[in-house]
Amino acid sequence: MSKTSAGRFFEDYRIGQVIDHAVPRSVGAGERALYHALYPARGALYSSDEFARACGLPASPVDDLVAFHIVFGKSVPDISLNAVANLGYAAGRFLRPVYPGDTLQSASEIIGLKQNSNGTSGVVYVRTRGRNQRNEVVLDYVRWVMVRKRDADAPAPDTVVPDLPQVVDPQDLVVPDGLDFTRYDFTAAGEAHRWGDYAVGERIDHVDGVTIEEAEHMLATRLWQNTAKVHFDATFRPDGKRLIYGGHVISLARALSFNGLANAQMIAAINAGAHANPCFAGDTVRAWSEVLDRAETPAPGVGALRLRLVATKGDAGILRTDEGKYHPDVLLDLDYWVFVPR
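Residues numbered from 1 in each chain as written. Predicted model: local features only at pLDDT ≥ 70, side-chain atom pairs only at ≥ 80, totals over all residues. Heavy atoms only, no water.

## Thoughts on the overall build of the protein chain
Looking only at helices and strands, one finds eight helices and 11 strands in the protein chain. Here the C-alpha radius of gyration of the protein chain, 20 Å, is about what a compact globule of 342 residues would show, namely 20 Å. Each of the three principal axes of the protein chain carries a C-alpha extent, and together these read 60 × 50 × 40 Å. Within the protein chain, the fraction of its 342 residues that count as buried is 53%. Of the roughly 14,500 Å² of accessible surface on the protein chain, 49% is carried by carbon and sulfur atoms. Positive and negative charge centroids in the protein chain, built from 36 and 42 side chains respectively, lie 4 Å apart. (Helix = DSSP H or I, 4+ residues; strand = E, 2+ residues; numbered from the N terminus. Rg over C-alpha atoms; globule rule 2.2 N^0.38 Å. Buried < 20%, exposed > 50% of the residue type's maximum accessible area, 1.4 Å probe, protein only. Areas by Shrake-Rupley, 256 points an atom, 1.4 Å probe, with all protein chains shown as cover. Lys, Arg positive; Asp, Glu negative; His and termini not counted. Charge placed at Lys NZ, Arg CZ, Asp CG, Glu CD.)

In structure tokens form, the structure reads like this:
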């Protein structure tokens, strides 16, 4: 008899099942420094208490993606421990900033199941919510992940694929209490580009590239307690490689986008996202963005931009092949809303 757990497999999930994830996580002040050590993140709002206060916040919050990583990591032992790969995201909203001293915990609801035709795995759709110590939801998103079956002969569940919105309505974006960009310091932020300077359809090459290191990836997955075997165990894949955590690529691409989008200060929502191709240590990641939409907000001096952020091993501007499939060089296709000064 064993007290250990091999994790859940595809046949262990049921529609409507709610899983409270273990081990709440208190966010320390060092989280910001370590995040900035892992990625070339330079957003002024997340670097300076004084800048954040001038923008109406009580202090500098941790980067939005720190909250995402923590909430995501809590869900891994119950959702994606036996994953083949995390596939995509939708309907994500950042509802409250997270500050050092906050404690986060996560829970997920199973909202979709679809067995793959090979019968050895299936796709699990979950809605995950992260809450702080006051039981306030700070983050709410849907993701879907391919999970192995324990027994290939186990009967397939009825297929349920949730109907997810293609984009979060800009009216549903939640501006943090007090956020005010009317006294925004463009010199301190690093660029002069305002909301009105970006045109729908504009593409921005973020120029820089970063080569993925195995050590940095492993530090990131341990930091956010992402225990998925595919990231840790080199024997878990036939090619003997450890798959780079998709969130690592998201954070890297977001940090690279500073060059051209330095004033895209806060992530408001994730409309859609796809990890188009696997990423491995040694790959050099570059990023480019496309402006998809613009929206006003009721907050003083605050506008919203809808952006496509693409992480690639190749040239900027390339997304799909002539056949309509993602180009083999494309690692990430992320559609998201950000708050910028008007």
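## Some details on the packing of aromatic side chains
In the structure shown here, the tally under the stated rule is 10 aromatic pairs. Ring geometry for Tyr35 versus Tyr39: centroids 4.9 Å apart, planes at 55°, classification tilted. For Tyr35, a relative accessible area of 2% corresponds to the buried category. By relative accessible area, which is 1% here, Tyr39 ends up buried. A ring pair is formed by Phe51 and Tyr184, whose centres lie 5.3 Å apart and whose planes are at 85°; its orientation type is edge-to-face. A residue pair is termed long-range when its members are at least 10 positions apart, and Phe51 in helix α2 (residues 49-54) and Tyr184 in the loop between β6 (137-148) and α4 (186-189) qualify at 133 residues. Each member of the pair, Phe51 together with Tyr184, is buried. Across from the ring centre of Trp195, 4.3 Å away, lies the NZ or CZ of Arg294, which sits over that ring. (Phe/Tyr/Trp six-rings, centres within 6.5 Å; stacked < 30°, edge-to-face > 60°. Lys NZ or Arg CZ within 6 Å of the ring centre and 35° of its normal.)

## Describing the side chain of Ser75
With respect to the helices and strands, the residue Ser75 is situated in helix α3 (residues 64-79). On the accessibility criterion, Ser75 (0% relative accessible area) is buried. In terms of polar contacts, Ser75 uses its side chain to reach the side chain of Arg143, at 3.1 Å. The residues touching Ser75, leaving out its near neighbours within four places in the chain, are His21, Ser80, Ser108, Thr128, Tyr141 and Arg143. (Polar contact = N/O pair within 3.5 Å; in protein donor to acceptor, adjacent residues only side chain to side chain. Contact = heavy atoms within 4.5 Å.)

## Overview of the side chain of Lys149
With respect to the secondary-structure elements, Lys149 resides in the loop between β6 and α4. It is Glu11 that comes nearest to the buried, bridge-free Lys149 among opposite-charge side chains, at 5.4 Å. A distance of 3.5 Å separates a polar atom in the side chain of Lys149 from the backbone oxygen of Ala152. (Salt bridge = Lys/Arg side-chain N within 4 Å of Asp/Glu carboxyl O.)

## Observations regarding the nonpolar core
Ranked by size, the top nonpolar core spans 59 residues in total, and within it Tyr39, Phe68, Leu104, Trp224, Leu305 and Val338 carry the most contacts. The biggest single contributor to this core is α3, with eight residues. Setting aside residues up to four positions removed in sequence, Leu305 forms contacts with Trp195, Tyr198, Val291, Asp293, Arg294, Tyr336, Trp337, Val338 and Val340. Core analysis: the second largest hydrophobic core is formed by 25 residues, Phe51, Phe186, Ala295 and Val302 among them. (Core = buried A, V, L, I, M, F, W, Y, C linked by side-chain atoms within 4.5 Å.)

## What about α3?
Helix length check: α3 (16 residues) gives 22 Å between terminal C-alpha atoms against 22 Å at 1.5 Å per residue, within 8%. In terms of burial, α3 is largely enclosed, as 15 of its 16 residues are buried. (Expected span 1.5 Å × (residues − 1).)

## Focus on the packing of helix α1 (residues 30-38) against helix α5 (residues 214-223)
Between α1 and α5, the least distance of the axes is 10 Å, while the angle of their chain directions is 155°. Taken together, the axes of α1 and α5 lie roughly antiparallel to each other. Crossing hand, α1 versus α5: left-handed. Along the contact surface, α1 presents Glu31, Leu34 and Leu38, while α5 presents Glu216, Leu219, Ala220 and Leu223. (Axes fitted to C-alpha atoms, helices over the stretch in contact; angles between N-to-C directions. Parallel < 35°, antiparallel > 145°, perpendicular 65-115°, else oblique. Left-handed = near helix turned anticlockwise from the far one by under 90°.)

## Let's talk about the environment of Ser289
Note that Ser289 resides in strand β9 (residues 284-296). Its relative accessible area of 0% is what places Ser289 among the buried residues. Once residues lying within four places of it in the same chain are set aside, the contact partners of Ser289 are Glu202, Arg203, Ile204, His206, Ser257, Leu261, Arg308 and Leu309. A polar atom in the side chain of Ser289 sits 2.7 Å from the side chain of His206.

## Some details on α5
Regarding α5, the residues found buried are His217, Met218, Ala220, Thr221 and Leu223. In this structure, the buried residues of α5 make contact with β2 (25-26), α1, α6 (229-232) and α7 (246-256). A positive phi of about 55° marks Gln225, the residue just after α5.

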